[in-house]
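Here is what each chain is made of, one letter per residue.
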Amino acid sequence: MEQLEQLYEGKAKKLYATDDPDILWVEYMDQATAGNGAKKAQIAGKASLNNRITAVIFDLLKARGVDSHFVAPLSDTEQLVRRMTMFPLEIIMRNTAAGSFAKRYGVDEGTELKRPILEFCVKNDDLGDPFINDDGIVALGLASPEQLDEISRQARAVNDALLDIFSAIGVRLVDFKIEEGVTSDGRVLLADEITPDTCRLWRVESDGTVEHLDKDLFRRDMGDIIPAYEEILERLEQLAADE
Ligand code: C5P
């Protein structure tokens, strides 16, 4: 596979074309951002950890019947994925109140939700990724009603599978964000990444103390992300080896 021109540079990844029109080359970067890019840092080792974590998670999801754009690992910081047309949506699932949800509704972070919540935001940095509901998505033509049903079904299936995966490694899956797109043959499919950058992962001690194993360490200046991400990777790789 040959790497061709760069197509896109995001906050944490670069995307390149390849000699196969259906395959893209993803390069993870050591950059961390928070607050819509307001806070930015280079964190050595993050690219490799996230590239490897998302690969093992996509493999574990596949074993649970959830397909994704992931094709194959390439190097420590690179992987091949299917080329897709992305929905301009951040698809968020929540199992426990935290972050913007806890703040918006004035509930304590850590409050268990009686059922998972599926939320959508429009992916638009200039607008600060505003919240949108199902009617808004269809009314603005961001997805068709059929596509939205499929996105919602897949988001719930990803949540069920991730809850199973993270409980197997002793970590609470508080919430996460995914992105979806459409393949060249019209199939709605999970894309982007699933990493501690895009999930809240807590280890809850018996006395209720929460240890954060995700990007909130960086967002909230609570400590170094690298040891936390290393622990998540090690545990996921062990789970994958045991399965
Ligand atoms: O900030 P908020 O509580 O809305 O985040 C919900 C979940 O979505 C968190 O797991 C967070 O890491 C993820 N997220 C993300 N990218 C964003 C916004 C949220 O990965 N731009």
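Residues numbered from 1 in each chain as written. Predicted model: local features only at pLDDT ≥ 70, side-chain atom pairs only at ≥ 80, totals over all residues.

Q: Break down the overall build of the protein for me, citing the residues and quoting the values.
A: The secondary structure content of the protein amounts to six helices and 15 strands. For a compact globule of 243 residues, the expected C-alpha radius of gyration is about 18 Å, and the protein comes in at 17 Å, within 12% of that figure. Referenced to the eigenvectors of the C-alpha coordinate spread, the extents of the protein come out at roughly 55 × 40 × 40 Å. Contacts in the protein between residues far apart in sequence, at least 24 positions, make up 52% of those at least 6 positions apart. (Helix = DSSP H or I, 4+ residues; strand = E, 2+ residues; numbered from the N terminus. Rg over C-alpha atoms; globule rule 2.2 N^0.38 Å. Contact = placed C-beta atoms within 7 Å.)

Q: Before we move on, could you go through the environment of Ile91 and cite the residues and values that matter?
A: Checked against the element boundaries, Ile91 lands in strand 9 (residues 89–96). The exposure class of Ile91 is buried, given the 22 C-beta atoms found within 10 Å. On a C-alpha basis, the gap between Ile91 and Lys13 in space is 19 Å, while along the polypeptide they are 78 residues apart. Not counting the four nearest positions on each side in its chain, Ile91 is found in contact with Phe120, Ile151, Ala155, Lys177, Ile178, Glu179 and Glu180. (Buried ≥ 20, exposed ≤ 12 C-beta atoms within 10 Å, placed from the backbone.)

Q: Describe in detail the UniProt feature "domain: SAICAR synthetase/ADE2 N-terminal" (unreviewed entry) in the protein, supporting the description with residues and values.
A: If you check UniProt for "domain: SAICAR synthetase/ADE2 N-terminal" (unreviewed entry), the listed places come out as residues 6–235 in our numbering. End-to-end, the C-alpha atoms of residues 6–235 are 33 Å apart, and along that stretch the chain is 30% helix and 37% strand. (UniProt positions renumbered as here; feature names shortened; annotations may be inferred.)

Q: Mind laying out the domain arrangement of the protein, listing which residues take part and the relevant values?
A: According to the domain assignment, the protein consists of domain 1 (3–83) and domain 2 (85–224). The C-alpha-based centres of domain 1 and domain 2 are spaced at 18 Å. On the side of domain 2, 19 residues touch domain 1, which itself brings 19 residues to the contact. The leading source of residues in the side of domain 1 that touches domain 2 is helix 1 (residues 46–63), at six residues. The residue makeup of the side of domain 1 that touches domain 2, split by class, is eight nonpolar, six polar and five charged. (Domains from an automatic or database assignment. Nonpolar A, V, L, I, M, F, W, Y, C, P; charged D, E, K, R; others polar.)

Q: How would you sum up the nonpolar core? Please name residues and give values.
A: Judged by nonpolar contacts, the single largest core of 54 residues is most densely connected at Ile53, Ile57, Leu173, Leu201 and Ile232. Three or more residues apiece are contributed to this core by two domains, here domain 1 (3–83) and domain 2 (85–224). (Core = buried A, V, L, I, M, F, W, Y, C linked by C-beta atoms within 7 Å.)

Q: Before we move on, could you go through unusual backbone geometry and cite the residues and values that matter?
A: Of note, the phi angle at Asn36 is positive, near 60°, even though the residue is not glycine. With respect to the element layout, Asn36 can be found in the loop between strand 4 (31–34) and strand 5 (39–42). With a phi close to 60°, Asp192 is a non-glycine residue in the positive phi region. Locating Asp192 in the fold gives a position in the loop between strand 13 (188–191) and strand 14 (199–204). Judged by the 23 C-beta atoms lying within 10 Å of it, Asp192 is buried.

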